[in-house]
Amino acid sequence: ITVEIAAQATPVIDKISPGPFKGRVFTFGHWLKAIIYNTKLISAKDLPKTHKDLGEPRFKGTFALPPWTSDADASLLAYDKDQALEIVRGMGRNKAATERESAAVNRMLLGEFKFVDANAHYFHEFKERDARAPIGLEFFRDYTTINEAIYFVREGARHPNAATLFVLCTLSDEGHGVFETAT
């Protein structure tokens, strides 16, 4: 059995069911990478402009990186192999810590780091809690990664109807509200 996205989704199929999986999956969310910074410790003009800048001596010990490699891997899309390797070496040499993004943002707000490489939603999350929070948002100018979560129902799933109901609920206004509140 092959399960396809319901016919009602046809008007927005390109938005919710991208690329080679068109009609067989739906996009649940996007995570846009950014520079989240402490506005009391560093100004936007003094932030690194590119990932390559992270290797400069002036940034040694001032930032945290997440424990996954997606940003470093993406450097191969913007730079040749030798440049990308030097970027990764510079990032590793200069980072103050390797930390999950949520913890890194909290530590940055406490003044342990001037900035962190994290998902942009943390900026909005903290500003929503406290409009005066000393948090800023900028983007690297050489490349920005976007991670996409896609849900699908596996062929041969034991409960494809339950999965379909989950999809419909998730895509509804009420479902969006639940996830927005939770995250």
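Use the structure listed above.
My aim in this report is to walk through the structure given alongside it, one point at a time. Every value quoted in this text rests on a predicted model; they were computed, and no experiment measured them. (Residues numbered from 1 in each chain as written. Predicted model: local features only at pLDDT ≥ 70, side-chain atom pairs only at ≥ 80, totals over all residues. Heavy atoms only, no water.)

Among all positions in helix α2 (residues 70-78), only Asp71, Ala72, Ala74 and Ser75 are buried. Buried residues of α2 fall within an arc of 155 degrees about the axis and therefore sit on the same side. With respect to the buried face of α2, the exposed residues turned more than 90 degrees away are Leu76 and Leu77. (Buried < 20%, exposed > 50% of the residue type's maximum accessible area, 1.4 Å probe, protein only. Helix = DSSP H or I, 4+ residues; strand = E, 2+ residues; numbered from the N terminus. Arc of directions from axis to C-beta.)

According to the stated counting rule, one finds 10 salt bridges in the structure shown. Each of the salt bridges in this network shares a partner with another, and the network as a whole consists of Lys33, Glu101 and Asp117. (Salt bridge = Lys/Arg side-chain N within 4 Å of Asp/Glu carboxyl O.)

The next thing to look at is the environment of alanine 64. Considering the arrangement of structural elements, one finds alanine 64 in strand β2 (residues 63-65). The spatial distance from the C-alpha of alanine 64 to the C-alpha of glutamate 112 is 9.4 Å, given a sequence separation of 48 residues. Setting aside chain neighbours within four positions, we find alanine 64 in contact with Ala97, Ala104, Phe113, Phe115, Val116 and Asp117. (Contact = heavy atoms within 4.5 Å.)

This paragraph deals with the packing of aromatic side chains. Overall, the coordinates contain two aromatic pairs when judged by the stated rule. Here phenylalanine 59 and phenylalanine 115 contribute two aromatic rings whose centre-to-centre distance is 5.8 Å and whose plane-to-plane angle is 85 degrees, an arrangement assigned as edge-to-face. With phenylalanine 59 in the loop between β1 (25-38) and β2 and phenylalanine 115 in strand β4 (residues 115-119), this pair connects stretches of sequence that are 56 residues apart. Since its relative accessible area comes to 2%, phenylalanine 59 is described here as buried. Overall, phenylalanine 115 belongs to the buried group, its relative accessible area being 2%. With a centroid separation of 5.3 Å and 15 degrees between ring planes, the pair formed by phenylalanine 63 and phenylalanine 115 is classed as stacked. Of this pair, phenylalanine 63 sits in strand β2 while phenylalanine 115 sits in strand β4, and the two are 52 residues apart along the sequence. Taken together, the aromatic side chains of Phe59, Phe63 and Phe115 make up a single cluster linked through ring pairs. (Phe/Tyr/Trp six-rings, centres within 6.5 Å; stacked < 30°, edge-to-face > 60°.)

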